[in-house]
Amino acid sequence: MPEMNMVQAINDALRLAMQENDKIVLMGEDVGKVGGVFRVTAGLFDEFGDDRVIDTPLSEGGIIGTAAGMALYGMLPIPEIQFSDFIWPAYDQIVSEVAKYRYRSGGEYPCKMVIRTPVGGGIRGGHYHSQHPEAQFIHVAGLKVVCPANPYDAKGLLLASIADPDPVLFFEPKRIYRAAKGDVPEGRYTVPLESASVVRQGDAVTIITYGAMLYECLDAAEKAAAEGVECDVIDLRTLWPLDVTTVVESVKKTGRVVVVHEAPKTCGFGSELVSLICEKVFYHLEAPPRRVTGFDTPFPYTLEMEYLPLSHRIVPAVLETARA
């Protein structure tokens, strides 16, 4: 079984899917000859040609609008938005058209596509290349939202997203594109959507996270264990639809919860997770839920590592929650 990083695993998934289905078309800024700004689509232009790996103009609204037209005519576009921060010119197309065609047509026109885009900080990208905008899309009925944290899940979740009948936002944490490595099976396999993974077992506190922050949470859990506090660490993998069962069962066991994400705190996905936990398992809680997140400011450049909810900010929240 070969070892891959996330870039290689996603590239492998795209190649396999394109070999199996000639209706799949990749499109985006520099995805063709260059292979994308992070080289995720490298080699696919040479293998599949310029009619299936299409370099587009610098127009996110045009990319998604064109993809919507392709999807309505039976193709399966996989558009790339070069950075998630650039997705806003396409937001109207995604929210008003892509997310709603299946509903408004009574299921006749699903407008199926997988929108890939790098997210998050950690590469000194500043405030226009570092945001984590998942909450704005989780809020939109008709979309599914996925954010893998390792190469195995990245390949399996991408193949599952391509096979799913609904449009999917596939967020790729750029900070761990090459830092996260692991064994990835050759050939086809899928990781089911709506399935979280408990990556560390404990009985004192539940830590819920996704994407690049998984590794910060695992480091924090290791440090908390040295203080006698053992944590369940949950990698959500698919943010919406949410694996409610895994979250609820863990919180029932521990009675305490800390949610960690890069996006700002106010109206972030952590707010929804805390609300859901309070609705489902309030009487099992032994302490107030905590959120460790980005700040309610634009993403900074020189203070990037102060903004991100890294391990040194997570550990105190875990220990205080455990001892409350």
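All values derive from a computational prediction rather than experimental measurement.

Chemist: Would you take a moment to explain the pairing of strand β4 (residues 76–80) for this structure?
Modeler: Judged by how many residues are buried, β4 sits mostly within the fold: five of five residues are covered. Neither face of β4 is exposed, since L76, I78 and E80 on one face and P77 and P79 on the opposite face are all buried.

Chemist: Just to check I follow, could you spell out the pattern of salt bridges for this structure?
Modeler: According to the stated counting rule, one finds 18 salt bridges in the structure shown. For D153, the salt bridge goes to R237, with nearest N and O atoms at 3.2 Å. One end of the pair, D153, is in helix α7 (residues 151–163); the other, R237, is in the loop between β11 (231–235) and β12 (238–240), with 84 residues separating them in the sequence. With relative accessibility at 4%, the residue D153 sits in the buried group. Among the charged side chains, a network of salt bridges with common partners joins R102, K144, D164 and D166.

Chemist: Please clarify how helix α3 (residues 60–72) should be interpreted in this entry.
Modeler: Note: α-helices contain 3.6 residues per turn, so residues at a spacing of three or four share the same orientation. Between its first and last C-alpha, α3 extends 18 Å over 13 residues, near the 18 Å set by a 1.5 Å rise per residue. Residues of α3 that are buried include every one of E60, G61, I63, I64, A67, A68, M70 and A71, and no others. The inward-facing, buried residues of α3 abut β2 (24–28), β3 (53–55), β4, α4 (91–98) and β5 (114–119). Among the residues trailing α3, G74 stands out with phi positive, at a value near 95°.

Chemist: Would you mind going over the packing of helix α1 (residues 6–20) against α7 with me for this structure?
Modeler: Angle between the axes and distance between the axes are the two parameters that describe a pair of packed helices. At their nearest, the axes of α1 and α7 sit 8 Å apart, and the two run at 30° to each other. In terms of orientation, α1 lies roughly parallel with respect to α7. In the packing of α1 onto α7, the handedness of the crossing is right-handed. Here M6, A9, I10, D12, A13, L14, L16 and A17 of α1 lie close against α7, whose contacting residues are P151, A154, K155, L158, L159 and I162. By residue class, the composition of the contact of α1 with α7 is 12 nonpolar, no polar and two charged.

Chemist: Help me understand the sheet that holds strand β10 (residues 205–209), please; the structure alone is not making it clear to me.
Modeler: In a beta sheet, neighbouring strands pair by backbone hydrogen bonds and run either parallel or antiparallel. The strand order β9-β11-β10-β13-β14 describes an open sheet built from five strands, whose pairing is mixed. One side of each edge strand has no neighbouring strand; the edge strands of this open sheet are β9 (197–200) and β14 (290–294). Between one strand and the next, the sheet's axes are offset by a mean angle of 25°, whatever the strand orientation. Direction of pairing for β10 relative to strand β13 (residues 257–264): parallel, over a ladder of three bridges. Counted as the bridge partner of I208 is V259 from β13. Contacting β10, β13 and β14, helix α10 (residues 269–281) runs over the sheet at an angle of about 155° to β13. The sheet contacts of helix α12 (residues 311–323) involve β10, β11, β13 and β14, and relative to β14 the element is tilted by about 170°.

Rules used in this analysis
- Residues numbered from 1 in each chain as written.
- Predicted model: local features only at pLDDT ≥ 70, side-chain atom pairs only at ≥ 80, totals over all residues.
- Heavy atoms only, no water.
- Buried < 20%, exposed > 50% of the residue type's maximum accessible area, 1.4 Å probe, protein only.
- Helix = DSSP H or I, 4+ residues; strand = E, 2+ residues; numbered from the N terminus.
- Salt bridge = Lys/Arg side-chain N within 4 Å of Asp/Glu carboxyl O.
- Expected span 1.5 Å × (residues − 1).
- Contact = heavy atoms within 4.5 Å.
- Axes fitted to C-alpha atoms, helices over the stretch in contact; angles between N-to-C directions.
- Parallel < 35°, antiparallel > 145°, perpendicular 65-115°, else oblique.
- Left-handed = near helix turned anticlockwise from the far one by under 90°.
- Nonpolar A, V, L, I, M, F, W, Y, C, P; charged D, E, K, R; others polar.
- Pairing = 2+ DSSP bridges.

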